[in-house]
Amino acid sequence: MTHGAGLTIGVLGSYGGRNLGDEAILTGLLTDLRTQEPNARIIVFSRNPEHTRAAHPDVEAVPWEGVSRTDSALVLAQLDLLILGGGGILYDREARRYLRVVRVAQERGLPLITYAVGVGPLSDGVDTGMVRETLSSATQVTVRDQESRMVLEEAGLLNPITVTADPAFLLEPEEFPAHLLAEEGVPVGKRLVGISVREPGRAAERLDVDGYHRLLAQIGDFLVHRIDAYVLFVPMERDDIRHAHGVLSHMVAAERGRILHGTYSPQQVLGLMRHFDLVVGMRLHFLIFAAMVGTPFLPLPYAGKVFDLAQRLGVPALRGVEREVEGPLLAEVDRLWDERDQRAEATARRVAEACDQARGTSEVTRGVLESLRSQHLTRV
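Residues numbered from 1 in each chain as written. Predicted model: local features only at pLDDT ≥ 70, side-chain atom pairs only at ≥ 80, totals over all residues. Heavy atoms only, no water.

## What about the overall build of the protein?
And step 1. Scanning the protein from N- to C-terminus turns up 13 helices and twelve strands.
And step 2. For 380 residues, the compact-globule estimate of 2.2 N^0.38 gives 21 Å, and the C-alpha radius of gyration of the protein, at 21 Å, lies within 12% of that figure.
And step 3. With respect to the principal axes defined by its C-alpha atoms, the protein has extents near 70 × 45 × 40 Å.
And step 4. Within the protein, buried positions represent 58% of all 380 residues.
And step 5. Contacts in the protein between residues at least 24 apart in sequence constitute 73% of all its contacts with a sequence separation of at least 6.
And step 6. As displayed, the protein offers around 15800 Å² of accessible surface, 48% of which is attributable to carbon and sulfur atoms.
And step 7. One way to put it: in the protein the 41 positive side-chain charges average out to a point 2 Å from where the 51 negative ones average out. (Helix = DSSP H or I, 4+ residues; strand = E, 2+ residues; numbered from the N terminus. Rg over C-alpha atoms; globule rule 2.2 N^0.38 Å. Buried < 20%, exposed > 50% of the residue type's maximum accessible area, 1.4 Å probe, protein only. Contact = heavy atoms within 4.5 Å. Areas by Shrake-Rupley, 256 points an atom, 1.4 Å probe, with all protein chains shown as cover. Lys, Arg positive; Asp, Glu negative; His and termini not counted. Charge placed at Lys NZ, Arg CZ, Asp CG, Glu CD.)

Next comes the structure, spelled out in structure tokens:
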């Protein structure tokens, strides 16, 4: 079914969970769709439809968790296309939840594309089989990194797989005025270091919480003394606040640390990155944001997607965040500070390439939308 002169497009991903990374993905994806199909009716399948509607007033939002097949089918029957992604949603024990909705769509003959989706780890037989079988009938499969393509190939998917980049690379920053930092209790005009932590969660179940809290506290204290910095923890979702407090509790110089408490959009947090002299982080999109505005950054990989970003952008990254890597990690932080100017040009060049690759998802999507548009005009 169509809406006015445009197509009706469904978007299914990890949206509505108040995670700034996922909201950055959705913002980039919706901006791209609006550019290509201005008159489209867009329906976002969300964990929290009210939150999604408030953040994106020009779309409709419907629940998908705990919704029966019959009710899902009623919404899916209105669509011309279902977009799965972006973001890391196809991994053990989580993939099956999203793919149940996708299977209902495919039973109705609805075209499916994946939009710079993240895949892996995939070792569970049920999830691996569902991913292989479901994506085998997709019109186009695009993934956000090389690791995701390898995981799909190892799962037995034979479709052509296009590697692009995370939709967050499509965002434009909004100004983050200095007075907002002052209101957060951060001294203006001082060197400022940003740190990102995360909860263990499904994507990082093996994290030794106390160990990585102590490790990041060591990094914070080191930078306070090395460059006379203040440290600002940037929560990318709610539970990060608790873990930031955990790191602060181990810092000797805890009085030089703050936690960002305000509610900000992804574009505002992207603008905030311009205030940092250096950042160290675990969250993928925190690191992407730093890279996009040219702030020197050091990834702390807890999962393959963070290591893949480091490789793509040509920056050093030690595997893991265990206490055993404390010495090498502090040495790498020290080196990053000393070499930040020399590294800037090469990193900026690679970031520009990643932005171009993110726009590559648009090229793939454009071909599908043009085909659907032609079919609609033929029917009309």
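## As for the packing of aromatic side chains
And step 1. In the structure shown here, the tally under the stated rule is two aromatic pairs.
And step 2. The ring of Y230 carries the charged tip of R256 above its face, separated from the ring centre by 4.4 Å.
And step 3. Over the ring of W337 we find R340; its NZ or CZ atom is 3.6 Å from the centre of that ring. (Phe/Tyr/Trp six-rings, centres within 6.5 Å; stacked < 30°, edge-to-face > 60°. Lys NZ or Arg CZ within 6 Å of the ring centre and 35° of its normal.)

## Thoughts on the domain arrangement of the protein
By a widespread convention, an interface's size corresponds to the accessible area lost as its parts come together.
And step 1. You can read the domains of the protein as domain 1 (8-163) and domain 2 (178-354).
And step 2. Taking only C-alpha atoms, the centre of domain 1 and the centre of domain 2 are 29 Å apart.
And step 3. Opposite the 17 residues of domain 1 that make contact, domain 2 presents 20 residues.
And step 4. When domain 1 packs against domain 2, close to 1500 Å² is buried across both sides, 50% of that on carbon and sulfur atoms.
And step 5. Inspection of the region where domain 1 meets domain 2 yields zero salt bridges.
And step 6. Connecting domain 1 to domain 2 are five residue pairs in polar contact (both at pLDDT 80 or more).
And step 7. If you list the elements that add at least two residues to the side of domain 1 that touches domain 2, you get helix 1 (20-36) and helix 6 (146-154).
And step 8. It is helix 1 that contributes the most residues to the side of domain 1 that touches domain 2, six residues altogether.
And step 9. When grouped by side-chain class, the residues that make up the side of domain 1 that touches domain 2 number five nonpolar, four polar and eight charged. (Domains from an automatic or database assignment. Buried area = accessible area lost by both parts, 1.4 Å probe. Salt bridge = Lys/Arg side-chain N within 4 Å of Asp/Glu carboxyl O. Polar contact = N/O pair within 3.5 Å; in protein donor to acceptor, adjacent residues only side chain to side chain. Nonpolar A, V, L, I, M, F, W, Y, C, P; charged D, E, K, R; others polar.)

## Here we look at the sheet that holds strand 10 (residues 257-259)
And step 1. Reading across the sheet, the five strands line up as 10-9-8-11-12 and stay open at both edges, with parallel pairing between neighbours. At either end of the open sheet lies a strand with only one pairing partner, and these are strand 10 and strand 12 (297-299). Neighbour-to-neighbour, the strand axes of the sheet open up by a mean angle of 20 degrees, direction not taken into account.
And step 2. For strand 9 (residues 230-233) and strand 10, the ladder comprises three bridges, and the chain directions are parallel. Its bridge partner lying in strand 10, F233 is registered against I259.
And step 3. Strands strand 9 and strand 10 of the sheet are contacted by helix 9 (residues 239-248), whose axis makes an angle of about 170 degrees with strand 10. (Pairing = 2+ DSSP bridges. Axes fitted to C-alpha atoms, helices over the stretch in contact; angles between N-to-C directions.)

## Considerations on the pattern of salt bridges
A side chain of one charge can pair with a side chain of the opposite charge if their charged atoms are brought near each other.
And step 1. In the structure shown here, the tally under the stated rule is 25 salt bridges.
And step 2. Taking the shortest distance from any N to any O, the salt bridge between R214 and D210 comes out at 2.9 Å. Highlighted residues: R214 and D210, both in helix 8 (residues 209-227), separated by four residues, approximately one helical turn.
And step 3. Close ionic contact of E332 with R343 constitutes a salt bridge, the shortest N to O distance being 3.4 Å.
And step 4. Three or more residues joined by partner-sharing salt bridges are found here, namely R47, E65, E94 and R97.

## Remarks on the sheet that holds strand 2 (residues 41-46)
And step 1. With parallel pairing, the seven strands of this open sheet are ordered in space as 3-2-1-4-5-6-7. Strands at the two margins of the open sheet, each flanked by one partner only, are strand 3 (60-63) and strand 7 (162-163).
And step 2. Bridging between strand 1 (residues 8-12) and strand 2 involves five bridges; their strand directions are parallel. Bridge assignment links T8 to a residue of strand 2, and that residue is R41.

## Describing the pairing of strand 3
And step 1. The pairing of strand 2 with strand 3 spans four bridges and is parallel. Bridge pairing in strand 3 places I43 opposite E60.
And step 2. Following the chain from strand 2 across helix 2 (residues 49-55) to the adjacent parallel strand 3, one finds a crossover that is right-handed. (Right-handed = clockwise from strand over helix to strand, strands pointing away.)

## Examining the packing of helix 3 (residues 69-76) against helix 4 (residues 95-107)
And step 1. Running from amino to carboxyl end, helix 3 crosses helix 4 at an angle of 60 degrees, the nearest separation of the two axes being 10 Å. The orientation of helix 3 relative to helix 4 falls into the category oblique. Crossing angle aside, the handedness with which helix 3 passes helix 4 is right-handed. Where helix 3 approaches helix 4, its residues R69, A73 and L76 are matched on the opposing element by V101, V104, A105 and E107.
And step 2. Taken together, the residues that form the contact of helix 3 with helix 4 break down as five nonpolar, no polar and two charged. (Parallel < 35°, antiparallel > 145°, perpendicular 65-115°, else oblique. Left-handed = near helix turned anticlockwise from the far one by under 90°.)

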